[in-house]
Amino acid sequence: MYTIGMKTSYSALETFETCPLKYKYQEIERIRTPKRVEQVFGTVVHSALRHMFVRDPLYPTLEEVVNFYGHTWKGAAEKIAWSKPERREKEEEMYFAEGVKLITNFYKKNKPWAANAVELETRFSAEIVDPGTGTSHTLSGVMDRLDKNPESEEYEILDYKTGKRMPSQDALVDNLQLGLYAIALRARWPHLSPEKIRTTLYFLK
């Protein structure tokens, strides 16, 4: 018999690993702070890449994706807590240009009609049982994109990264985020063997 444990997300666990005190304020005491420009920038770029793979009825052109990004960024920038208000205009232009560059490069290398994206920004949850205590914990998150190879019947989970730091290939073997994604997908589709699942971090920069 299992007992019910905590419900948390990968992002919360990442916060705990980086700074336990921040985790306490953010996840336990629920103290909300204004979002940093890096967070907002990443969210807006992710939103534009999701838009890129939506077929309605055709896939959007590069110009349409960039326009979508520009419109979304303009609204989001108003909510950013700029560290140096006197430099806001310059920094806003810099981040906007960086986003256009990332999206343009990504689009040229990843034509949306050439991929077979079956899901976009899918929310999931997975039950993880502690073998020592029998406590069942729920981990949740969002998959940026799930592709299916129609020939090999393999699935690839892709997660976009807008940061500069890229881990080594060896570090990815024990990557918590990718492992959680694979567990969540198998929980949804038990018939899917581990050999049919690929997990990929795509560093846009």
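Above this text you will find the structure in question.
Residues numbered from 1 in each chain as written. Predicted model: local features only at pLDDT ≥ 70, side-chain atom pairs only at ≥ 80, totals over all residues. Heavy atoms only, no water.

**Topic: the overall build of the chain**
Stage number 1. Check the secondary structure of the chain and you find 6 helices and 5 strands.
Stage number 2. In sequence order, the secondary structure elements of the chain are arranged as β-α-α-α-α-α-β-β-β-α-β.
Stage number 3. Principal-axis analysis of the C-alpha atoms gives the chain an extent of 55 × 50 × 35 Å.
Stage number 4. When the 205 residues of the chain are sorted by exposure, 37% land in the buried category. (Helix = DSSP H or I, 4+ residues; strand = E, 2+ residues; numbered from the N terminus. Buried < 20%, exposed > 50% of the residue type's maximum accessible area, 1.4 Å probe, protein only.)

**Regarding the environment of Lys 196**
Stage number 1. Tracing the chain through its elements places Lys 196 in the loop between helix H6 (176-188) and strand S5 (197-203).
Stage number 2. Given a relative accessible area of 31%, Lys 196 falls into the partly exposed group.

**Details of the nonpolar core**
Stage number 1. Ranked by internal contacts, the top residues of the largest apolar core, which has 26 residues, are Tyr 69 and Trp 73.
Stage number 2. The set of elements that each furnish at least two residues to this core consists of helix H3 (37-52), helix H4 (62-77) and helix H5 (88-109).
Stage number 3. It is H3 that provides the largest number of residues to this core, a total of 8 residues.
Stage number 4. Apart from residues lying up to four places away in sequence, Trp 73 is in contact with Val 37, Val 40, Phe 41, Val 44, Ile 80, Trp 82, Glu 92, Tyr 95 and Phe 96. (Core = buried A, V, L, I, M, F, W, Y, C linked by side-chain atoms within 4.5 Å. Contact = heavy atoms within 4.5 Å.)

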